[in-house]
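Structural overview for review
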Amino acid sequence: MASFVAKVVNRCEDALETKHLNLSECELIQVPDAVYHLMRHTELKTCDLSSNVITKISPKFAVKFSFITDLNLSHNQMARLPDELADLHSLEVLDISHNTFITLPAVVFKMPKLRELKANNNAIIDIDRDEIITSESLEVVDLRHNPLTPMCHDLLKHAVVSFRIELSEREKEDWEDLTI
């Protein structure tokens, strides 16, 4: 346990100079309050929280790290994001791949500068039609390797949007392949 604490502290100290906080593979279940304290006078540019066991991000994350442009939350156990992340006014790249999301978090469409959303390899089965994807800044949304419903897959495949939606080929359901 102590080695992970030392690892986090060392990486925070590195980030004071580099402005890039890498807390990947630290066995974190959340961002420790100590990290917010250590980074309080630093305008971070990127934050990598990948490959932990994080289940949720605190609403204060957006307040404390409001200048980040790149946030990597991949390979965790997250199923939702706090609405406060819409306050990340500089965020351009968000990676929520390899988590447990079953729907695309609505907050991603409220991030004013978000260009790239990686949401592949989740458990996303559907996209809320009302929130469907209006964004001035988005360039690409990666939804590959999600168990999208056939209807949702077709909707996204034919959606008229100002950005690219990356989808896997849809697996046919057993009942759809009736070539007996």
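See above for the structure.
Residues numbered from 1 in each chain as written. Predicted model: local features only at pLDDT ≥ 70, side-chain atom pairs only at ≥ 80, totals over all residues. Heavy atoms only, no water.

1. Let's talk about a nonpolar patch on the surface
Basically, it comes down to this: Exposure above 30% relative accessible area and no salt bridge define the residues that can form patches, which grow by joining like charges within 9 Å and nonpolar side chains of Val, Leu, Ile, Met, Phe, Trp and Tyr within 5 Å. Note that accessible areas follow from Shrake-Rupley with a 1.4 Å probe, and for residues the cover is restricted to the protein chains shown. Should a side-chain nitrogen of Lys or Arg be within 4 Å of a carboxyl oxygen of Asp or Glu, the pair is scored as a salt bridge. Only runs of H or I of at least four residues qualify as helices and only runs of E of at least two qualify as strands under DSSP, and these elements are numbered from the N terminus. Think of it in three bands: residues with accessible area under 20% of the maximum for their type are buried, residues over 50% are exposed, and the middle band is partly exposed, with areas taken using a 1.4 Å probe on protein chains only.
There is a patch of nonpolar side chains on the surface, built from Val 5, Val 9 and Leu 38 and spanning about 200 Å² of accessible area. Of note, Val 5 is situated in helix α1 (residues 2-18). On the basis of relative accessibility, which here comes to 46%, the residue Val 5 falls in the partly exposed class.

2. Thoughts on the pattern of salt bridges
As enumerated under the stated definition, the model contains 7 salt bridges in all. The partner of Lys 118 in a salt bridge is Glu 116, and the shortest N-O contact between them spans 3.7 Å. The salt bridge partner of Arg 164 is Glu 166, with a shortest N-O separation of 2.7 Å. On the basis of relative accessible area, Arg 164 is assigned to the partly exposed category, the value being 49%. Three or more residues joined by partner-sharing salt bridges are found here, namely Asp 142, Arg 144, Arg 164 and Glu 166.

3. Describing unusual backbone geometry
Keep in mind that most residues, glycine aside, have a negative phi and that most peptide bonds are trans. Of note in the backbone geometry, Glu 27 takes a positive phi value of approximately 55° without being a glycine. What makes Glu 27 exposed here is its relative accessible area of 56%. Despite not being glycine, Asn 121 shows a phi value in the positive range, around 55°. Counting through the fold element by element, Asn 121 comes out in the loop between β5 (116-118) and β6 (140-142). Its relative accessible area of 26% is what places Asn 121 among the partly exposed residues.

4. With respect to the nonpolar core
Where we set the bar: Throughout, nonpolar core names a set of buried Ala, Val, Leu, Ile, Met, Phe, Trp, Tyr and Cys residues whose side chains join them through atoms within 4.5 Å. Every residue pair with non-hydrogen atoms within 4.5 Å of one another is taken to be in contact.
By size, the foremost hydrophobic cluster in this structure holds 49 residues, and its most contacted members are Leu 21, Leu 49, Phe 61, Leu 71, Leu 81, Leu 94 and Leu 117. Broken down by secondary-structure element, the contributors of at least two residues to this core are α1, α2 (33-38), α3 (60-64) and α4 (150-157). In terms of residue count, the dominant contributor to this core is α1 (3 residues). Beyond its immediate stretch of four places on either side in the chain, Leu 117 contacts Leu 94, Ile 96, Leu 104, Val 108, Leu 138, Val 140, Val 141 and Asp 142.

5. Digging into the packing of aromatic side chains
The condition that has to hold: Between 30 and 60 degrees the pair is tilted, below 30 it is stacked and above 60 it is edge-to-face, where a pair is any two Phe, Tyr or Trp rings, Trp via its six-membered ring, whose centres lie within 6.5 Å.
Applying the stated criterion to the full structure yields 2 aromatic pairs. Ring geometry for Tyr 36 and Phe 65: centres 5.5 Å apart, planes at 40°, overall tilted. Of this pair, Tyr 36 sits in helix α2 while Phe 65 is found in the loop between α3 and β3 (70-72), placing the two residues 29 residues apart along the sequence. With relative accessibility at 4%, the residue Tyr 36 sits in the buried group. Both rings, one in Phe 61 and one in Phe 65, keep their centres 5.0 Å apart while their planes meet at 85°; by these two values the pair is edge-to-face. Summarising the burial analysis for this pair, Phe 61 and Phe 65 share the class buried. The rings of Tyr 36, Phe 61 and Phe 65 are connected pair by pair, giving a single aromatic cluster.

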